[in-house]
Amino acid sequence: MTRIQKEKLFSKALGFLTLFACSILAFILFAVFSRGFSAFSWEFISSEATDFGAQGGILYQIFGTLLLMFASITICLPIALGTALYQSEYLKSSFFQKAFKIFMASLNGMPTIVLGLAGYLFFGKFLGIGVSWLTGALILAAMILPTAHAAILEAIETLPEHYQETGISLGLKPNQRILAVVIPHSVYGIVTGALLGLARAGGETAAIMFTATAFSGVSIPQSITEPVATLQTHILILAQEATNPTALANAWGAASVLLGIVFFLILGAKSVRSRLSWEPEQ
Amino acid sequence: MNENQFDIRIENTSLYYGSASVFKQITHYFASKAVTSVIGPSGTGKSTLLRTFNRMNDRIEGFRATGDVWVGGQNIYEEDIDVYALRQSVGIVFQKPCVFPKSIYENVIFGIKRLQPERKKEFADLTEQALRKVSLWTEVKDRLNEPGLSLSQGQQQRLALARTLISKPDILLMDEPTSSLDPRSARAIEDLILSLKENHTIVLVTHNIGQAKRVSDETIFVCNGEICESGPAEKLLENPCCQETRDYLNQGR
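Rules of the game
- Residues numbered from 1 in each chain as written.
- Chains lettered and ligands numbered in written order.
- Predicted model: local features only at pLDDT ≥ 70, side-chain atom pairs only at ≥ 80, totals over all residues.
- Heavy atoms only, no water.
- Helix = DSSP H or I, 4+ residues; strand = E, 2+ residues; numbered from the N terminus.
- Buried < 20%, exposed > 50% of the residue type's maximum accessible area, 1.4 Å probe, protein only.
- Contact = heavy atoms within 4.5 Å.
- Arc of directions from axis to C-beta.
- Pairing = 2+ DSSP bridges.
- Axes fitted to C-alpha atoms, helices over the stretch in contact; angles between N-to-C directions.
- Parallel < 35°, antiparallel > 145°, perpendicular 65-115°, else oblique.
- Left-handed = near helix turned anticlockwise from the far one by under 90°.
- Nonpolar A, V, L, I, M, F, W, Y, C, P; charged D, E, K, R; others polar.
- Patch = residues over 30% accessible without salt bridge, like charges linked within 9 Å, V, L, I, M, F, W, Y side chains within 5 Å.
- Areas by Shrake-Rupley, 256 points an atom, 1.4 Å probe, with all protein chains shown as cover.
- Salt bridge = Lys/Arg side-chain N within 4 Å of Asp/Glu carboxyl O.
- Right-handed = clockwise from strand over helix to strand, strands pointing away.
- 1 Å grid on protein atoms, 1.4 Å probe; cavity = no way out; pocket = protein on both sides within 12 Å on 5 of 7 lines; lining within 4 Å.
- Points joined across faces, edges and corners; volume = space filled by probe spheres on them.
- Phe/Tyr/Trp six-rings, centres within 6.5 Å; stacked < 30°, edge-to-face > 60°.
- Polar contact = N/O pair within 3.5 Å; in protein donor to acceptor, adjacent residues only side chain to side chain.

Caption draft 1: Geometry of the overall build of chain A. What chain A contains, in helices and strands, is 12 helices and two strands. Shown N-terminal to C-terminal, the secondary structure of chain A runs as helices and strands in the order α-α-β-β-α-α-α-α-α-α-α-α-α-α. With respect to the three principal axes, the spread of C-alpha positions in chain A is 65 × 65 × 35 Å. In chain A, which comprises 282 residues, the share counted as buried stands at 44%. For chain A, the share of sequence-separated contacts (at least 6 apart) that also reach a separation of at least 24 residues comes to 73%.

Caption draft 2: The arrangement of helix α11 (residues 243-251) of chain B in detail. Residues and elements named next belong to chain B. Of the positions making up α11, those classed as buried are Thr245, Tyr248 and Leu249. Buried residues along α11 cover an arc of 95° about the axis, so they all sit on one side. Residues of α11 that are buried in the fold lie against β3 (35-39), α9 (209-215), β9 (218-223), β10 (226-232) and α10 (233-238).

Caption draft 3: Structural detail: the sheet that holds β10 of chain B. Residues and elements named next belong to chain B. If you trace the six strands from one edge of the open sheet to the other, you get β6-β7-β8-β3-β9-β10, paired in mixed fashion. Among the strands making up the open sheet, the edge pair consists of β6 (90-93) and β10. Adjacent strand axes in the sheet meet at a mean angle of 15° when their direction is disregarded. Bridge count between strand β7 (residues 171-175) and strand β8 (residues 201-205): five bridges; the pairing is parallel. Within β8, the position partnered with isoleucine 171 by the bridge is threonine 201. Where α11 meets the sheet, its contacts fall on β3, β9 and β10, and the angle it forms with β9 comes to roughly 100°.

Caption draft 4: Region of the structure containing the packing of helix α4 (residues 94-109) of chain A against helix α6 (residues 133-157) of chain A. Residue and element names in this part refer to chain A. Running from N to C, α4 and α6 point in directions that differ by 130°, and their axes come no closer than 8 Å. One finds that α4 runs oblique with respect to α6. The element α4 and its partner α6 pack so that their crossing is left-handed. Seen from α4, the contacting residues are Phe100, Met104, Leu107 and Asn108; seen from α6, they are Ala142, Leu145, Pro146, Thr147 and His149. Its residues assigned to classes, the contact of α4 with α6 shows six nonpolar, three polar and no charged.

Caption draft 5: Focus on unusual backbone geometry. Residue and element names in this part refer to chain B. Although it is not a glycine, asparagine 12 adopts a positive phi angle of roughly 50°. With respect to the helices and strands, asparagine 12 occurs in strand β1 (residues 8-17). Non-glycine residue glutamate 176 carries a positive phi angle of around 45°. Mapped onto the elements, glutamate 176 comes out in the loop between β7 and α8 (183-196).

Caption draft 6: Representation of a nonpolar patch on the surface. Among the surface-exposed residues, Met110, Ile113, Val114, Leu117 and Phe210 of chain A lie close enough to one another that they form a single nonpolar patch of about 440 Å² accessible area. Looking at where leucine 117 of chain A falls in the secondary structure, it is placed in helix α5 (residues 112-126).

Caption draft 7: View of the pairing of β8 of chain B. All names here are of chain B. For β8, the tally of buried residues reaches five of five residues, placing the bulk of the element in the interior. The side-chain alternation of β8 yields two buried faces, one formed by Thr201, Val203 and Val205 and the other by Ile202 and Leu204. Sheet topology note: the β3/β8 ladder contains four bridges and is parallel. Looking at β8, one finds that serine 37 is bridged to leucine 204. Handedness of the crossover joining β7 and β8 through α8: right-handed.

Caption draft 8: Structural view of the layout of surface pockets. Reported here for the largest pocket is a volume of approximately 740 Å³. Forming the walls of the largest pocket are 26 residues, and the residues nearest its centre are Ser88, Glu89, Lys92 and Arg177 of chain A together with Arg59 of chain B. Breaking the lining of the largest pocket down by element, the ones donating at least two residues are α3 (59-90), α6, α7 (161-169) and α8 (174-185) of chain A together with α2 (83-89) of chain B. The element best represented in the lining of the largest pocket is α3 of chain A, accounting for four residues. In terms of residue class, the lining of the largest pocket is built from 11 nonpolar, four polar and 11 charged.

Caption draft 9: Focus on the packing of aromatic side chains. Overall, the coordinates contain 10 aromatic pairs over all chains when judged by the stated rule. The interplanar angle of 20° and the centroid separation of 6.2 Å between the aromatic rings of phenylalanine 100 of chain A and phenylalanine 103 of chain A together place this pair among those described as stacked. One end of the pair is phenylalanine 100 of chain A and the other is phenylalanine 103 of chain A, both in helix α4 and three residues apart, which spans about a single turn. Centroid distance phenylalanine 100 of chain B to phenylalanine 110 of chain B: 4.0 Å. Interplanar angle 10°. Geometry classified as stacked. With a gap of 10 residues between them, phenylalanine 100 of chain B in the loop between β6 and α3 (104-108) and phenylalanine 110 of chain B in helix α4 (residues 110-115) connect regions that are remote in the sequence. Accessibility expressed as a relative area gives 0% for phenylalanine 100 of chain B, which makes it buried.

Caption draft 10: Quick look at the side chain of serine 14 of chain B. All names here are of chain B. The topology assignment puts serine 14 in strand β1. Given the relative accessible area of 2%, serine 14 is considered buried. In terms of polar contacts, serine 14 uses its side chain to reach the backbone amide nitrogen of glutamine 25, at 2.9 Å.

Caption draft 11: Region of the structure containing the environment of threonine 230 of chain A. Residue and element names in this part refer to chain A. With respect to the helices, strands and loops of the structure, threonine 230 is situated in the loop between α10 (206-209) and α11 (231-239). Owing to a relative accessible area of 1%, threonine 230 belongs among the buried residues under this scheme. Between the alpha carbons of threonine 230 and threonine 205 there is a distance of 8.9 Å; along the sequence they are 25 residues apart. Side-chain polar atoms of threonine 230 contact the side chain of threonine 233, separated by 2.6 Å.

Given below as structure tokens:
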């Protein structure tokens, strides 16, 4: 085999692997949407579940998922922004910089079921909130913190240095510079971080299964100590009823809706990210 | 008001990055209300020296200055110095014009908007004054709300200068302010430098010998971590006494 042939074979093999990776996603999308299609209707997403989810729609499940997503990002975002700003603008010691990076990576790698159980011990038991949407939102906030933090930090660190220098040279104090230079020019990173965090929170099941959700008999929570129903747990329970075809169809329908929500957010994050390079480079 | 406000004096100053020294024990009194150009080969620390005068180097890990650096009557590396006030009285203009993706007006008031919010009512007047000083007023007065990035490079550099001048600094530092501009815009900046020296002490880092001749009163030549030679610009550039200076000046010919 000549060198050129080898090179061709090599690039073909890599191309095949790439195609394979893409086909995984295509397969999942096809499997979910083709099966969920029959259950999908306006009624399905606008009415509540009956007969333990085997009949009826998924209105409160959609509500619960969205509530957990947005509550968790609301809690997470100020923390993520604050830590990213502290790390990039105030933390001088490279030892602590490294230590903090390892800390965030460890939190990111934490199995979500462990995070759920530990979170329940602290928020549910120790603080006495119990099994509730707030407990779930707090756990999810901890879970998506590294994702949001990393996106924001990247945006801050790639901020053009001459912006920072100009801010400094005009005599702005660090807090003034953060408000005038850093935050306004990392806004896309902050939005990206929020959307990626939302998408992760929307897909999470294990961390909230026993800490924030109830399967049936819940609607819109009246207080912070009440659980919600979510799409994720709904799918999990319905999928176990393999003998009931309507229940299964509803599970696929709910999965389609969940995928739709998460996909929408990831696409949003990507389109915002591509606008990050909006400043004309000279 | 004291006359010291226009002073820059360095006495036995050494500058270091970590353990590497950039300048060793240099001493120089910069002429007040005049233009001093700093010339010398690339990588000899001209920018580092310039950025020492408003403590822009503080951000760089491992940077250290020893000896005395007197700027505007203060020994600026002493502990109780208000470095933020110092930077307002010592303006700097960089090589590449820095314009924020905001309107022309917002760019001019970028600093004072945060630093002197109580003077908000004067901002419009101050903006006009600053833009007049940099001869940009007639060009932009009807489009102050248009994006600053819509201006040409030369106009952007004058805008950056206006943003610095609006807080009325006594000292102006210029780090190769024309090296990214076309010759015509560069001349406009040079004319500005000449008009500004009446009320400002200006230190100009430049690689352009012609520019140093045209605008500076004094010149210092730095090389190998030292000030090899300093003196009236004309004399130093036409008839240098030090061999290094002669070699450097001859390269360009």
